[in-house]
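Secondary and tertiary structure notes
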Amino acid sequence: ELRSVSPTTALWDGYQTAAQKRARMINMGLHVFYPELQGSGRVFSRSFRQVTLKIFGTDEQIIFPCQTCTKVDDVKQAIASALMVDVENLRFIVKQGCSTRQLLNNDEMRSLVTVRGISSFKVAAHKWPHPTAVIGAGYHGLKTAMMYLKSGNSDIVVFDRNSKVGGYCWITAANKGSRLQTEFGAFHVWWGHDVMQGKCGYPDASWDTWPGKQQILEHFQIAAEEYGVLPHVRFNCNVQGITVVGDKKNEKIFSGSDRYYDLAVADITARGSGSAPSATSAETSVVSCSVLYSYPGSMTKNRIVDYPGEEAFDGHIGYGMNDDAPYESFPGNNVAILGNGAFAVENARTCIEMGANKVFIVTRRKNLASPRIPCWFVHQGPVPTPGALVLRMFEPMYNSCGMGDPWQFWSVNASTDRQRVQVIQSSRFGIGDVTFLAVAVGKVEFVVDTLKRCTKHTLHLEGGRKLENVRVLLKTLGLLGDFEVDRMHKMDEVVGFYCAGDWRRPIFLDATGMNAANFTTFSTGIGTTGYVRLNKYLFDHPKEFLQMEKDGVLSGLPRNQAKVKDDKPAYVYDVNHTNSTFVIMNSMCPRAAELSSNDPQYKYGMYHVVHPLDKTLRECRESWDQYQETWKQQGWDAEHVPYPYTREMIKGYFAEYNQLTGMTIQPDGPRKEDILQVRSESQQQQQQQQQQQQQQQ
């Protein structure tokens, strides 16, 4: 026979249940009355009731516990705070006999209450009086427009100088042989579990792992069409000026006299293929906006350095951008590249593929570069990959190709036991296998020196060496920002992401340099997604930022001031500035940070579907062997170099990653049923968003 519960156990269970209910009330923002605080006078009830709040005219409801003594005003304040609405708009209605009655603020809560004054218990986005404007229809601007339109906000306008989406980097700066250095899965513009839609889901087999320029531009166009971006873009135009209308310092968002921005927009002559747009202004108009995203890009102007004797060089001198290199002159000739950033490495690959006999990379000091397999590993990892493991993954490639010990590079700051490391350098990793292979067989040579002067087909270096029979010189010495961007915004500093500290004018670019002890990505997909999520959330819920502002967020954000003597505009900030801003903003706005909580699961699952290990490793090995076969046919005599990575080796990297991070990931990725669950949850989120949009309409 079952024995009855003892009085002591029942009492303890009652205490536990009451504690759980009080905790839930506190989490909702409700005040909790503790019986031990009962004073003389009126006696307040310590018991609980289950309250059901239902939205008028809908089936949406929430159920929560509250104490019998809980007042209507307390619940109203909690709901208004959570939904960021005016508490005065809320009305609580209860049924009383054959009629209904509106509860007064001092009434005790009832068990079943109908709420009027809101359309949903989900936070509604703020409606700004003017559109949201976006300057730039490159990667960042396109992503911003996609995420706004997917959320149901079509009050957005995008401006771009080009005649199509894609931005300066891929339309103008990229050469015809340019190729994405990272895998497509880390780059595609619809990256993110909450961004996928229709044909823009997990990239399928029709996309190359490392696509070229034309396929990248094609993917931008497909995304623009899928999300309905094109009707919102004004192409062939230039934003020439910005005027702030209203109070620049004091926010009056809810007073009806809020500030806004007038943009002077000039139509310009459409650019021809590969050429810059004409500066001739055909027509200028003024467009008002309440929020302004700026995406000027950091790669717009070449660093111009003229060397003595260039006029006597008698060969081509260029910058390796916008197809300014004479590809027909490459076969059989030597090429010299000045600089060692990611773009220099990309140009070295292009020169080799175009038939150059040998490429000299002349640099003051050698930067770290990443092989393809470590890059893939970082991108599939659900949590950041420790820097020490990244360098250990570099070792097989560096050792087999004679590139030296990666731990000894100038940018590496490591502990003596090589268990902790910080990589600090002024440029990002150049990524790819071909440069390493070309070094191994002698087709590429790193020359640690600087150019002193030129003579005919010869480069004279400061160290005394001469590079002879050089017919092409590419000066990839870095790219500069444009001070015109600072002047347009009338600013001399950027505070966090914000022009002159104005939170409604965020400005973003691919931050310069590298400073990391752990690596989340080598590409732009996850960073741009997080940036748009954060700022869109704040613009949808401005009360969140106003509270952050009261708490001193602007005083805590990093500041990047213009340095005219160093050719550094205020808007060109480095990776330290970006990382610090993300940390501060997400810590002070946890609700926005929660939007990225599913990224690790999405990242890991998506990558092993799009770029499974065996397929990626096979493609790396086939490309490696194909280069050697091509060079052999061209008459280059060198011993075959085996590909330095194997599946067993990579399996060991997974074991070390799990040990260091506490994860339990596998070389073959998550189970198929787990991936299907992630996709199903994403589809459910899309359906919920569509239903919410229909209700709002």
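Keep in mind it's a predicted model, so treat the numbers as computed, not measured. (Residues numbered from 1 in each chain as written. Predicted model: local features only at pLDDT ≥ 70, side-chain atom pairs only at ≥ 80, totals over all residues. Heavy atoms only, no water.)

**A word on the packing of aromatic side chains**
- Scanning the entire structure with this criterion turns up 37 aromatic pairs.
- Each ring, one from Tyr 398 and one from Phe 436, has its centre 5.1 Å from the other, and the planes form 65°; the classification is edge-to-face. Residue Tyr 398 is found in helix 9 (residues 387–401), and its partner Phe 436 is found in helix 10 (residues 434–441); the two are separated by 38 residues along the sequence.
- A residue is classified by how much of its surface remains accessible, and Tyr 398, at 0% relative accessible area, is buried.
- The class for Phe 436 is buried, based on a relative accessible area of 2%.
- Sitting over the face of the ring of Trp 636, Lys 443 holds its NZ or CZ atom 4.4 Å from the ring centroid. (Phe/Tyr/Trp six-rings, centres within 6.5 Å; stacked < 30°, edge-to-face > 60°. Helix = DSSP H or I, 4+ residues; strand = E, 2+ residues; numbered from the N terminus. Buried < 20%, exposed > 50% of the residue type's maximum accessible area, 1.4 Å probe, protein only. Lys NZ or Arg CZ within 6 Å of the ring centre and 35° of its normal.)

**Concerning unusual backbone geometry**
- Residue His 457 is not a glycine yet carries a positive backbone phi of 55°.
- Here His 457 lies in the loop between strand 23 (451–455) and strand 24 (458–461).
- Classification of His 457 as buried rests on a relative accessible area of 14%.
- A positive phi is found at Lys 490, a non-glycine position, where the angle reads about 55°.
- Topologically, Lys 490 is positioned in the loop between helix 11 (483–489) and strand 28 (493–495).
- Overall, the relative accessible area of 61% leaves Lys 490 in the exposed class.

**What about the environment of Thr 529?**
- Along the chain, Thr 529 falls in helix 12 (residues 525–540).
- Distance from Thr 529 to Asp 194, taken between C-alpha atoms, is 9.6 Å for residues 335 residues apart in sequence.
- Not counting chain neighbours up to four residues away, the residues in contact with Thr 529 comprise Lys 143, Met 147, Trp 191 and Val 195.
- Within the structure, the side chain of Thr 529 is placed 3.2 Å from the backbone oxygen of Trp 191, a separation counted as a polar contact. (Contact = heavy atoms within 4.5 Å. Polar contact = N/O pair within 3.5 Å; in protein donor to acceptor, adjacent residues only side chain to side chain.)

**Section: the pairing of strand 1 (residues 48–55)**
- Sheet topology note: the strand 1/strand 2 (residues 61–67) ladder contains seven bridges and is antiparallel. Considered in strand 2, the bridge of Leu 53 is made with Ile 62.
- Between strand 1 and strand 2, which pair antiparallel one after the other, the connecting turn spans five residues, and Gly 57 there sits at a positive phi close to 80°.
- In the sheet, strand 1 pairs with strand 5 (residues 112–116) via four bridges, with the strands oriented parallel. From the neighbouring strand, Leu 53 faces strand 5, where its bridge partner is Val 113. (Pairing = 2+ DSSP bridges.)

**Examining the sheet that holds strand 28**
- What the three strands build is an open sheet, ordered 29-28-32; its pairing is antiparallel. At either margin of the open sheet sits one strand with a lone partner, and together these are strand 29 (498–499) and strand 32 (559–561).
- Pairing geometry for strand 28 and strand 32, over three bridges, is antiparallel. The residue bridging Val 494 from the neighbouring strand is Asn 560, located in strand 32.

**Regarding the sheet that holds strand 15 (residues 334–338)**
- Taken in spatial order, the five strands make up an open sheet running 14-26-15-16-22, and their pairing is parallel. Bordering the open sheet on either side are strand 14 (316–318) and strand 22 (444–448), each of which pairs with just one other strand. Within this sheet the neighbouring strands show an average axis-to-axis angle of 20°, counted without direction.
- Relative to strand 26 (residues 470–475), strand 15 is paired through five bridges, and the arrangement is parallel. Each bridged residue has a counterpart across the sheet, and for Ile 337 the counterpart in strand 26 is Leu 474.
- Contacts from helix 7 (residues 342–353) reach strand 15, strand 16 (358–363), strand 22 and strand 26, with the element oriented near 170° to strand 15. (Axes fitted to C-alpha atoms, helices over the stretch in contact; angles between N-to-C directions.)

**Regarding helix 2 (residues 72–83)**
- When the terminal C-alpha atoms of helix 2 are compared, their 16 Å separation across 12 residues agrees well with the 16 Å that a helix rising 1.5 Å per residue should span.
- Those residues of helix 2 lying buried are Val 72, Asp 74, Val 75, Lys 76, Ala 78, Ile 79, Ala 80 and Leu 83.
- The secondary structure elements touched by the buried residues of helix 2 are helix 1 (7–28), strand 1, strand 2 and strand 3 (91–96).
- Following helix 2 by one or two positions, Met 84 adopts a phi angle in the positive range, close to 55°. (Expected span 1.5 Å × (residues − 1).)

**Observations regarding a nonpolar patch on the surface**
- On the surface, Leu 11, Trp 12 and Tyr 15 cluster together into a nonpolar patch covering about 380 Å² of accessible area.
- In this structure, Tyr 15 sits in helix 1. (Patch = residues over 30% accessible without salt bridge, like charges linked within 9 Å, V, L, I, M, F, W, Y side chains within 5 Å. Areas by Shrake-Rupley, 256 points an atom, 1.4 Å probe, with all protein chains shown as cover. Salt bridge = Lys/Arg side-chain N within 4 Å of Asp/Glu carboxyl O.)

**Let's talk about the confidence of the model for the chain**
- Confidence in the prediction of the chain, expressed as mean pLDDT, is 89, and 92% of residues score 70 or more.
- Ignoring residues within four places in sequence, the model shows residues 271–281, a span with pLDDT below 50, making 17 contacts including any to other chains.
- Predicted confidence is poor over residues 692–697, with pLDDT under 50, and the contacts of this stretch with residues over four places away or in other chains come to four contacts. (pLDDT = per-residue confidence, 0-100.)

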